[in-house]
Amino acid sequence: MANVVIQASDLTLAYNNGKNEIIKNANFSIKKGEFVFITGPSGSGKSTLLKSFYGHIKPTHGSLMVGGLDLAKISNSKLQELRTHMGIVFQDYKLVNEWTVAKNVVLPLMIAGYSIDMQHTQAQRLLRHVKLSEYANMYPYELSGGEQQRVGIARALAKNPMLILADEPTGNLDEYSSNVIWDLMENACQQLETTVVVVTHRIPTVFSLQYRHFIIENKGVYEVH
Amino acid sequence: MKFIKDHIMFILPLVAILLGIEFFLVFDRMTASYEQRLRDGYSMLVVSKEPMTLQELQSINSNIGKSTKIEKNEILKEVSLGQNPQDTQEILNALPNFYIIKLAKYLDTSALDNLEKDLMASKKIKRVETFGNSYSSNYKLFSFIKFILKVFIIFMSVVSLFLVIKQMEVWGYVHRERMQVMEIFGAPIMLRSGILFKVAIVDALISTSIIVLFFLYLKYQLAGISEVDALMNNSELLFQPSDAFILLACAIVIVIISVYIVVFSSREKEA
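Residues numbered from 1 in each chain as written. Chains lettered and ligands numbered in written order. Predicted model: local features only at pLDDT ≥ 70, side-chain atom pairs only at ≥ 80, totals over all residues. Heavy atoms only, no water.

### Focus: the side chain of D167 of chain A
Residue and element names in this part refer to chain A.
Part 1: If you trace the backbone, D167 turns up in strand β7 (residues 163–167).
Part 2: K51 provides the closest opposite charge to the buried, salt-bridge-free D167, at an N-O distance of 6.0 Å.
Part 3: Discounting residues that sit within four places of it in the chain, D167 has contacts with S47, L50, V89, F90, Q91 and V199. (Helix = DSSP H or I, 4+ residues; strand = E, 2+ residues; numbered from the N terminus. Buried < 20%, exposed > 50% of the residue type's maximum accessible area, 1.4 Å probe, protein only. Lys, Arg positive; Asp, Glu negative; His and termini not counted. Salt bridge = Lys/Arg side-chain N within 4 Å of Asp/Glu carboxyl O. Contact = heavy atoms within 4.5 Å.)

### Observations concerning the packing of aromatic side chains
Part 1: As enumerated under the stated definition, the model contains ten aromatic pairs over all chains in all.
Part 2: Measuring from ring centre to ring centre gives 5.2 Å for F35 of chain A and F37 of chain A, while their planes differ by 50°; the resulting arrangement is tilted. Both residues of the pair, F35 of chain A and F37 of chain A, belong to the buried class.
Part 3: Here F214 of chain B and F215 of chain B contribute two aromatic rings whose centre-to-centre distance is 5.3 Å and whose plane-to-plane angle is 90°, an arrangement assigned as edge-to-face.
Part 4: Grouped by ring-pair contacts, the aromatic residues F35, F37, W182 and Y211 of chain A constitute a single cluster.
Part 5: Positioned above the aromatic ring of F90 of chain A, the side-chain terminus of K94 of chain A is 5.4 Å from the ring centre. (Phe/Tyr/Trp six-rings, centres within 6.5 Å; stacked < 30°, edge-to-face > 60°. Lys NZ or Arg CZ within 6 Å of the ring centre and 35° of its normal.)

### A short note on the environment of N179 of chain A
Part 1: Within the secondary structure layout, N179 of chain A lies in helix α7 (residues 175–192).
Part 2: Separated by 17 residues in the primary sequence, N179 of chain A and M162 of chain A place their C-alpha atoms 23 Å from one another.

### A few points about empty space enclosed by the protein
Residue and element names in this part refer to chain A.
Part 1: Counting across every chain of the model gives one cavity of 30 Å³ or more.
Part 2: In this model, the largest cavity occupies a volume close to 30 Å³.
Part 3: Lining the largest cavity, in full, are T84, M86, G87, P108, R155, A156, A158, K159 and P161.
Part 4: Residue assignment for the lining of the largest cavity shows that the elements contributing at least two residues are β6 (86–89) and α6 (145–157). (1 Å grid on protein atoms, 1.4 Å probe; cavity = no way out; pocket = protein on both sides within 12 Å on 5 of 7 lines; lining within 4 Å. Points joined across faces, edges and corners; volume = space filled by probe spheres on them.)

### Focus: the pairing of strand β10 (residues 220–224) of chain A
Residues and elements named next belong to chain A.
Part 1: Bridge count between strand β9 (residues 212–217) and β10: five bridges; the pairing is antiparallel. By the bridge assignment for β10, F214 is matched with E223.
Part 2: What sits between the antiparallel neighbours β9 and β10 is a turn of two residues, in which N218 has the positive phi angle 45°. (Pairing = 2+ DSSP bridges.)

### Quick look at the interface of chain A and chain B
Part 1: Across the contact, 23 residues belong to chain A and 18 residues belong to chain B.
Part 2: Of all residues in chain A, the largest losses of buried area upon contact with chain B belong to H56, R83 and I111 of chain A, amounting jointly to 30% of the total for that side.
Part 3: In this structure, the connection of chain A to chain B is made through one salt bridge.
Part 4: Scanning the region where chain A abuts chain B turns up one residue pair in polar contact (both at pLDDT 80 or more).
Part 5: Split by residue class, the side of chain A that touches chain B holds 13 nonpolar, five polar and five charged. (Buried area = accessible area lost by both parts, 1.4 Å probe. Polar contact = N/O pair within 3.5 Å; in protein donor to acceptor, adjacent residues only side chain to side chain. Nonpolar A, V, L, I, M, F, W, Y, C, P; charged D, E, K, R; others polar.)

### Overview of the domain arrangement of chain B
Part 1: Taken domain by domain, chain B comprises domain 1 (2–37 + 148–265) and domain 2 (43–130).
Part 2: Distance from the C-alpha centre of domain 1 of chain B to the C-alpha centre of domain 2 of chain B: 52 Å. (Domains from an automatic or database assignment.)

### Here's the deal with the packing of helix α7 (residues 189–225) of chain B against helix α10 (residues 241–265) of chain B
Residue and element names in this part refer to chain B.
Part 1: Across the interface, α7 lies against α10 with an axial gap of 9 Å and an inter-helix angle of 150°. In this view, α7 runs roughly antiparallel relative to α10, as classed from their interaxial angle. Two packed elements cross with a definite hand, and for α7 against α10 that hand is right-handed. Counting all contacts with α7, which are made through I189, M190, S193, L196, F197, A200, I201, A204, L205, T208, I211 and V212, the residues of α10 involved are A244, L247, L248, A251, I252, V255, I256, V259, Y260, V262, V263 and F264.
Part 2: Its residues assigned to classes, the contact of α7 with α10 shows 22 nonpolar, two polar and no charged. (Axes fitted to C-alpha atoms, helices over the stretch in contact; angles between N-to-C directions. Parallel < 35°, antiparallel > 145°, perpendicular 65-115°, else oblique. Left-handed = near helix turned anticlockwise from the far one by under 90°.)

Structure, rendered in structure tokens:
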């Protein structure tokens, strides 16, 4: 159990005060260091499920344990603390446009109270890792979509998180940029033993048989073998 | 340019609110001073059958502040010239006692009527002259000016408050994305809103300084050369050091409330 990062038991997620159920009685677990895909048709609840992993949506029934904490009962301060151990990647990047690329990348370190010098050193290392060293002092709106998503991944990796959650990370990107993003996430999983959960409408062919795969259908979450 | 515009759009309504507060403080001091002058310049006459002490008069109505007995000899001095001393003594014995009454505080006309009724209800008192007509006209004019100014100040503050709220909405829009991203990554509220607090406190300091400098200029420069008696004679009431602290406290409270509204309205919501 110590190796389990996410554990859902009879998990039900709903909007409208429980009236509009999206996920019903789901049971699954994801272990440390696993790379997991969650797929399903549009509107099936993929993003809702991912949002529940970082506490944006609370379970209406059942339990959802992330990092050993029950997200159905978690306090705001504990949730804040939990989120500092996660890296989240969004389809629309969610970078802060008035901050430089370097500042965006070190946001998790800023939140953790790292010194300015440490943030600067880490920004250089992370940007080197995603091959964007020369973009450090530029602003996100000056970058292409693929470059912005690499900044998003660098930010997600900044604090060596236990869990990376990615919501359609290649949804807006061309094939070349998508491959770069998949490589970065795969490396994070293999080299840092970070658990990576990716929500996507289409799994890259190269990964299709390699990693665990859950599909959402008719409000249920099923593992594809 | 955008930075300056954002600041000015918040500073201007804040200055207007602080101006309203400072006007209110100044007006409050002015009216207190004017009320005191009205009270000091006003007196009523009480005629009693028997001599009465101040305590006796105050036990009838506590609004009586001071009583001065008019000596009967003084009254008769002019009219008794050439009179037989015996006749004068008889007149003196027959004369009632006259008292000039000063008020303990400024009263409205109905309180003045009540005071008259209380005095007349005493068996010792024969007559009361309040000179109510002149008192009443002064009081009504004064009340009217007071009312108009308060309405103006309230109106100005309400309009300014709407402008502050409008600017807060702009802030909310500008900072929402950044604060939501920070929240998703686990930033505590003080870190998320730190920059807003800094900007808002700076705006509060700038706004307070503008008002303080304006009123200091009014007090030390403009009042002296204005040739307006009310300003020249009351320049010390125009600004007092304690006003700066009151204004700064008000400005900081307004900006902190504004920032909290922005912060809480930008929190991530369940879709």
